[in-house]
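# Per-entry structural report
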Amino acid sequence: MRKRLLGAEHLEVARSLDCLSYVLRGEQRLPEAETTAREALAMRKKLLVGEHPDFARSFSAIGDILADQGKAAEAETFMRQAIATHSKLRGESRLLSSSYMALASLLRQANRNEESAELARKAIAALDRALADFPAERQQALLTQAHNYRLLGSYLESLRDFSGARAAFDSSSRFFTQCAEKAADGAKADRKSTRLNS
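The structure reproduced in this document is the subject of the present report. (Residues numbered from 1 in each chain as written. Predicted model: local features only at pLDDT ≥ 70, side-chain atom pairs only at ≥ 80, totals over all residues. Heavy atoms only, no water.)

## Let's talk about the overall build of the chain
- Of regular secondary structure, the chain possesses nine helices and zero strands.
- From first element to last, N terminus to C terminus, the chain shows the α and β order α-α-α-α-α-α-α-α-α.
- Here the chain holds 198 residues, and the buried ones make up 37% of them.
- When contacts within the chain are restricted to residue pairs at least 6 apart in sequence, long-range pairs at least 24 apart make up 57% of them.
- For the chain, the accessible surface area stands at approximately 11,100 Å², while carbon and sulfur atoms represent 53% of it. (Helix = DSSP H or I, 4+ residues; strand = E, 2+ residues; numbered from the N terminus. Buried < 20%, exposed > 50% of the residue type's maximum accessible area, 1.4 Å probe, protein only. Contact = heavy atoms within 4.5 Å. Areas by Shrake-Rupley, 256 points an atom, 1.4 Å probe, with all protein chains shown as cover.)

Right, here's the structure in full:
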């Protein structure tokens, strides 16, 4: 539909292709998802000049799909391109943090545990710095950070760094607690607002 309205090559069409590749990936139609994500990237390369955040979106999507298909070397290349693009354009962000964690997970599957743990640390640091800039996203970021620390703990355990793993698991618990407290505070504020408006 968008192709008909906007033409065969338009940024909104590329974004629609991203959404379609995401759905196809969820349905485990991985070859189709990969083709669709690559089509979105090719369209962006034709339409955009220089660096653009949408390239990082494409690199991440293709990397994740390739990883799902067991194409680790190619997936790593795309994931590293996503990290480089996020770093250059956005600095510290939740997107950079999630790109680090995706690559950390891929490398852990290949038993590259030291690199994996280092990327997990970078993901945590990037998200910590991003939180200062986007306080409205704090609850979701706290939950993400709790998961990041849990993964780091498991990576450190595999390296036999048990004291580091324990500290990471403790941090994970602390972030889950903060997230739950923030959610409870939000629910109280919503109930109070509802009573005042009644």
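Next, the rest of the story.
## Structural notes on the packing of helix α5 (residues 72-90) against helix α6 (residues 94-109)
- One can describe the packing of α5 onto α6 by two numbers: an axis separation of 9 Å at closest approach and a directional angle of 160°. The angle between α5 and α6 falls in the class roughly antiparallel. At the point where α5 passes α6, the crossing takes the left-handed sense. For the pair α5 and α6, contact is made by A72, A75, E76, M79, R80, A82, I83, H86, S87 and R90 and by L95, L96, S99, Y100, A102, L103, L106 and L107, respectively. (Axes fitted to C-alpha atoms, helices over the stretch in contact; angles between N-to-C directions. Parallel < 35°, antiparallel > 145°, perpendicular 65-115°, else oblique. Left-handed = near helix turned anticlockwise from the far one by under 90°.)

## Some points on the layout of surface pockets
- The volume enclosed by the largest pocket comes to roughly 540 Å³.
- Taken together, 21 residues form the lining of the largest pocket, with Y22, R57, S60, A61 and D64 sitting closest to its centre.
- Of all the secondary structure elements, the ones that give two or more residues to the lining of the largest pocket are α2 (11-26), α4 (53-68), α5 and α6.
- Among the elements that make up the lining of the largest pocket, the one with the highest residue count is α4 (seven residues).
- Here the residues of the lining of the largest pocket sort into 10 nonpolar, six polar and five charged. (1 Å grid on protein atoms, 1.4 Å probe; cavity = no way out; pocket = protein on both sides within 12 Å on 5 of 7 lines; lining within 4 Å. Points joined across faces, edges and corners; volume = space filled by probe spheres on them. Nonpolar A, V, L, I, M, F, W, Y, C, P; charged D, E, K, R; others polar.)

## Remarks on α2
- Between its first and last C-alpha, α2 extends 23 Å over 16 residues, near the 22 Å set by a 1.5 Å rise per residue.
- If you check which residues of α2 are buried, you get V13, A14, L17, D18, S21 and L24. In an axial view of α2, the angular spread of the buried residues amounts to 150°, which keeps them on one side of the axis. Along α2, exposed side chains directed more than 90 degrees from the buried face belong to C19, Y22 and G26.
- Count one or two residues on from α2 and you reach Q28, which has phi positive near 60°. (Expected span 1.5 Å × (residues − 1). Arc of directions from axis to C-beta.)

## Some details on the side chain of D18
- Counting through the fold element by element, D18 comes out in helix α2.
- Polar side-chain contacts of D18 include one of 2.5 Å to the side chain of R44. (Polar contact = N/O pair within 3.5 Å; in protein donor to acceptor, adjacent residues only side chain to side chain.)

## Here's the deal with the packing of aromatic side chains
- Counting across every chain of the model gives two aromatic pairs.
- Pairing F55 with F59 gives two aromatic rings, centres 6.4 Å apart and planes at 20°, and the pair type is stacked. Of this pair, F55 and F59 both sit in helix α4, four residues apart, roughly one helical turn.
- F55 gets classed as buried once you look at its relative accessible area, which sits at 8%.
- Looking at F59, the relative accessible area reads 9%, which means it is buried.
- Ring geometry for F59 and F78: centres 6.3 Å apart, planes at 50°, overall tilted. A residue pair is termed long-range when its members are at least 10 positions apart, and F59 in helix α4 and F78 in helix α5 qualify at 19 residues. As far as the burial class goes, F59 and F78 line up, both buried. (Phe/Tyr/Trp six-rings, centres within 6.5 Å; stacked < 30°, edge-to-face > 60°.)

Just geometry here; none of it tells us what the structure is for.
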